[in-house]
Structure formats: structure tokens, C-alpha cells
Amino acid sequence: MKKIKQRNKKIEKERSRKTSQFQTVKGMADILPKDQNWWKMINKVSDSVAELHDYYFMETPILENAGLFEASLGESTDVIEKEMYVFKTKGGDRVALRPEGTTAVVRSYLENHLGYFSSPLRVYYMGPMFRYERPQAGRYRQLHQLGFEIIGDSDPVYDVQIILVVFAFLKEMRLKNFKIRINSIGCRVCRPNYKQKIKEYYRTKKLELCDDCNERYEKNILRLLDCKEAGCRILVQKAPVILDSLCQACNNHFRTVLELLEDNAIVYEPDPYLVRGLDYYSKTVFEIYYDNPANALAGGGRFDYLSEFLGGRMLPSVGVAIGLERVIETLKSLEIEPNLKLKSRMFFAAVGDNAKKAAVKFIDQLRENNVAVVEALGKKSLRAQLKIADKYHLQTVLIFGQKELFEEMIIIRDMKTGAQENIVLSKMTEEVKRRLR
Ligand code: AMP
């Protein structure tokens, strides 16, 4: 009999060790229970910062018509050319998994006339984005972004408010010493002149450019400034800077943004070659990074023309998207712990069938009274149950057996001191609450 039991135990152990034949799709990751406090903290901090800074929550679907992003992001951007998950539905619609959040927010603004709700509209969103990029550390095919947008106002004061809200979020997440790079990429009036100057500059250097940049030369010349290849980085250093080409309006706008940052004691790094990967930006663009510009935590800027790309009227706007995986990874690398005020928890142990049945009701009663209860009722012995209480470092434990059921009492045990006390069942909730306080 003992042998059979041992063999069964062994089989069970092996079975539980076996993993499934399926794994996550390449470049996509599970959010695991061990990381719950990070994600809970992100939720709490984003809600609280948004409330303080007066942003409304909104959410758009994960699927959109593919044409939406093609209209907004620019046909020759990496996202559209290589990274978007596009497929046909059974009904024949061409849809895309959203690669970013801003376009859908503006789509919704136009569709739902959100300008009537508030002007400018200040909103925030959070959720997964999908990009078919080459997966590597800090670069995934499913990533989560928290975005803040101010839609419907061209005042530079809003560019700075967007930067301030990201700073507030990162600080509240306990991150310090992050940096901001900032630039202006001009508007419809001045950018074409600058593009022309850049084209002139690179015309004689095409042989020194990487293959991608040779393609970009024809299709999206500004992205040459953003190339990470060593050879291209050297060429960039002597390229004309856009600040010399900005029109009066863009110049004034940018100057005011920088002055406001200084007034708010924000140290910035002007980067005349900063351009963003998405085509809809104009005027201010910025990136916030930690340690190294390659570790960008957030990116944003003005998108004054995006609404027009979608067929709407001119709607000057500014926004930012924060990469949440990058924020968590950076905090982890600094050995910073999530700072969360969690409910104090207690443990409920029950022994014997009848006591266990009654325990379900008492546990529910405690939870209704806002007491967080951990139990392991599936385990038969008291010893096995108390082991779990120990594992989770739970100090207050209720123990309920046949005798207690009969006497309408319950044992309350302090795991730290080992002291036990019998209390009448009707005083249970009150006593537990007193101890957890
Ligand atoms: P973007 O939407 O490209 O402006 O990116 C905003 C932020 O999202 C970046 O600064 C990163 O922190 C994050 N991010 C962008 N792409 C990825 C990716 N493939 N994997 C993880 N994080 C990303």
C-alpha cells in the first residue's frame, strides 16, 4: 500500500513538472503573479497622477481598421512598412492590432465629438500595443503604454504640461535622475526647407549611408538623423540643424517651451537631431530616457496635423506615451521595490469536513467586512495549512475545528509569539480587525 502511494506521488510530481507544449508567441510575454505589485502600482500611480493633473480616462479597442494607422503614421515609416500586425477578418475587413494609442484617441475624438465634452480634451489611456519588431531586451512585440494627450490647443504651455505629467508619473514610481532630450521639427511652412537642406547635405554622401538610410533618403529623409548605424551616426554630426530653419512661429513656440521648462526647474538636453519614428509629429518632440538615450522610457510631442490626416479639421494637440515594461525593468535594475499600500491579510485554517463547510461562510463574512483572507482549505491537515500561513508571513491566524464548531468558538493564533486565544464566533470579525489594525 505504501509503495503504491509513493509511486502515485512520484507520477503526480512528474506530471506537475511537465510544461505545456505551447509557449507565448515570440516577443510577447505573460505578466506573472510575482510582478503583480508593479502593475498594481502602475495602475494606482497613473490614476492618481491623472486625477491630480486633470486627465480623463478613456480606452479604445485593440483592433482598428488598418487604414486608420496608414493615414496617420505615414506610409514610409517603419511601423507601417514593417511592424504592423495587419490581417483580414472573416468578413473581409482589413484590420490592424494597434501599434500605438494616439491615432485611435484622435479617431475617437472625431467620431464622438469629444470637443464638446471638454476643450482642450485631456485624456489618458493604458494598454497593450503591438509591433512586429525584432525582439530583444526592452523591445517586445506586445508592449504596454500609458499615454497622456491634450487635444485641441496649440499653446506651448500644454507641451510643458505633458512633460510635467510624465515627470510626475516617473517620480511617483520612485524613479529619479531620468533625462529629457527635446527638439522642434518645425511645421508645414518651415520643414520642407529643412528637408531640402538635409537632402543637399546627404546627396554626396549616399555611398557612406547604410542600406536603410539609402531607402530613407528617398522616402523619409528626416529619419536619416535618427539612424543607429555607426557610419550614419558620424555623418549626422555635421548635418544642418533644423533650429536654423524654423519659421518665426515655430521658433517662438519652441523658445516658450524651453523657457517654461526652465521656470519649472526641468533640466533638458536640446538635441537638434531628435526626430520621432512616427510621421504625425510637428513642432515639439521629446524623449525621456534613463542612463542612455537608447533606454527611452517615454516619447512624445505635438501632433497638430494628425486630425487632418484622418479627415478631420485642424486640431492642434500634444501627447506622450510611456513604455511601461521599460519603466519596470529600469526600476528593477536599480533594485527599487514597488511601493504599495496593500491590505493587511490574515489566514483562516479549518480542520474536519463540517468545520470546513462552515469556514467558507465565515471567510466570506470576513471578506464582506473588508478583511483580506488567505486560506488553503484544500489541504487536509492543520499542519499543512499553517505551513502556507508561514510561507506568506501571515501573523494572524484563525483556526476552526470540530470542537470549535460545536462550541461556537474559534481559535485566534499569533504566529509570531505562538500565543493562542479562544474567542466566541460572534466576536470573530471585530477581533481580527482589531489585530490587523
Ligand atoms: P513610441 O510609441 O514609439 O513613441 O514609444 C514610446 C515608448 O514606448 C518608448 O519610449 C519605449 O519606452 C516604449 N516602446 C516602444 N516600442 C517598444 C517595444 N517594441 N518594446 C517595449 N517598449 C517599447
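Residues numbered from 1 in each chain as written. Predicted model: local features only at pLDDT ≥ 70, side-chain atom pairs only at ≥ 80, totals over all residues. Heavy atoms only, no water.

### A closer look at the pattern of salt bridges
Under the criterion given, the structure shown has 24 salt bridges. The closest approach of N and O atoms between Glu 421 and Arg 435, which form a salt bridge, is 3.0 Å. With a gap of 14 residues between them, Glu 421 in strand S16 (residues 420-424) and Arg 435 in helix H16 (residues 428-436) connect regions that are remote in the sequence. Judged by its relative accessible area of 40%, Glu 421 falls in the partly exposed class. Via salt bridges that share partners, Arg 181, Asp 271, Arg 276 and Glu 287 belong to a single interconnected network. (Salt bridge = Lys/Arg side-chain N within 4 Å of Asp/Glu carboxyl O. Helix = DSSP H or I, 4+ residues; strand = E, 2+ residues; numbered from the N terminus. Buried < 20%, exposed > 50% of the residue type's maximum accessible area, 1.4 Å probe, protein only.)

### Observations regarding the packing of aromatic side chains
One pass over the structure, following the stated rule, counts 11 aromatic pairs. Measuring from centroid to centroid gives 5.5 Å for Tyr 85 and Tyr 132, while their planes differ by 85 degrees, and the two rings are edge-to-face. Placement of the pair is Tyr 85 in the loop between helix H4 (78-83) and strand S3 (86-88) and Tyr 132 in the loop between strand S5 (121-130) and strand S6 (142-151), with a sequence separation of 47 residues. On the basis of relative accessible area, Tyr 85 is assigned to the buried category, the value being 17%. (Phe/Tyr/Trp six-rings, centres within 6.5 Å; stacked < 30°, edge-to-face > 60°.)

### A few points about the domain arrangement of the protein
In many analyses, interface size is given as the accessible surface area lost on bringing the parts together. Assigned domains of the protein: these are domain 1 (33-190 + 246-333) and domain 2 (345-436). Computed over C-alpha atoms only, the centres of domain 1 and domain 2 are separated by 49 Å. (Domains from an automatic or database assignment.)

### Observations regarding the site of the ligand
Around the ligand sit 15 residues, and of these Arg 131, Glu 133, Tyr 140, Arg 276 and Ala 296 come closest. A distance of 3.0 Å separates an oxygen atom of the ligand from a polar atom in the side chain of Gln 145. In isolation the ligand has 480 Å² of accessible area, and contact with the protein removes 93% of it. Of all the elements in the fold, those that place two or more residues in the shell around the ligand are S6, strand S10 (296-302) and strand S11 (317-323). When residues in the shell around the ligand are grouped by element, the largest group, 4 residues, is from S10. Looking at side-chain class alone, the shell around the ligand contains 6 nonpolar, 4 polar and 5 charged residues. (Near = heavy atom within 4 Å. Polar contact = N/O pair within 3.5 Å; in protein donor to acceptor, adjacent residues only side chain to side chain. Areas by Shrake-Rupley, 256 points an atom, 1.4 Å probe, with all protein chains shown as cover. Nonpolar A, V, L, I, M, F, W, Y, C, P; charged D, E, K, R; others polar.)

### Let's talk about the sheet that holds strand S4 (residues 94-97)
Read from one edge to the other, the open sheet built from 3 strands follows the order S2-S4-S3, with strand pairing classed as antiparallel. The sheet terminates laterally at strand S2 (63-65) and S3, the two strands that pair on one side only. Strand-to-strand twist of the sheet, defined as the mean angle between neighbouring strand axes without regard to direction, takes the value 40 degrees. Across 3 bridges, the pairing between S2 and S4 is antiparallel. Each residue of the ladder has a partner; that of Asn 65, found in S4, is Val 95. Most of the contacts of helix H3 (residues 66-73) go to S2, to which it runs at about 70 degrees, and overall it touches S2, S3 and S4. (Pairing = 2+ DSSP bridges. Axes fitted to C-alpha atoms, helices over the stretch in contact; angles between N-to-C directions. Contact = heavy atoms within 4.5 Å.)

### A word on the packing of helix H13 (residues 353-368) against H16
Between H13 and H16, whose axes approach to 10 Å, the crossing angle comes to 55 degrees. By the angle class used here, H13 and H16 are oblique. In the packing of H13 onto H16, the handedness of the crossing is right-handed. Of the residues in H16, those touching H13 at Phe 362, Gln 365 and Leu 366 are Met 428, Thr 429 and Val 432. Its residues placed into classes, the contact of H13 with H16 shows 4 nonpolar, 2 polar and no charged. (Parallel < 35°, antiparallel > 145°, perpendicular 65-115°, else oblique. Left-handed = near helix turned anticlockwise from the far one by under 90°.)

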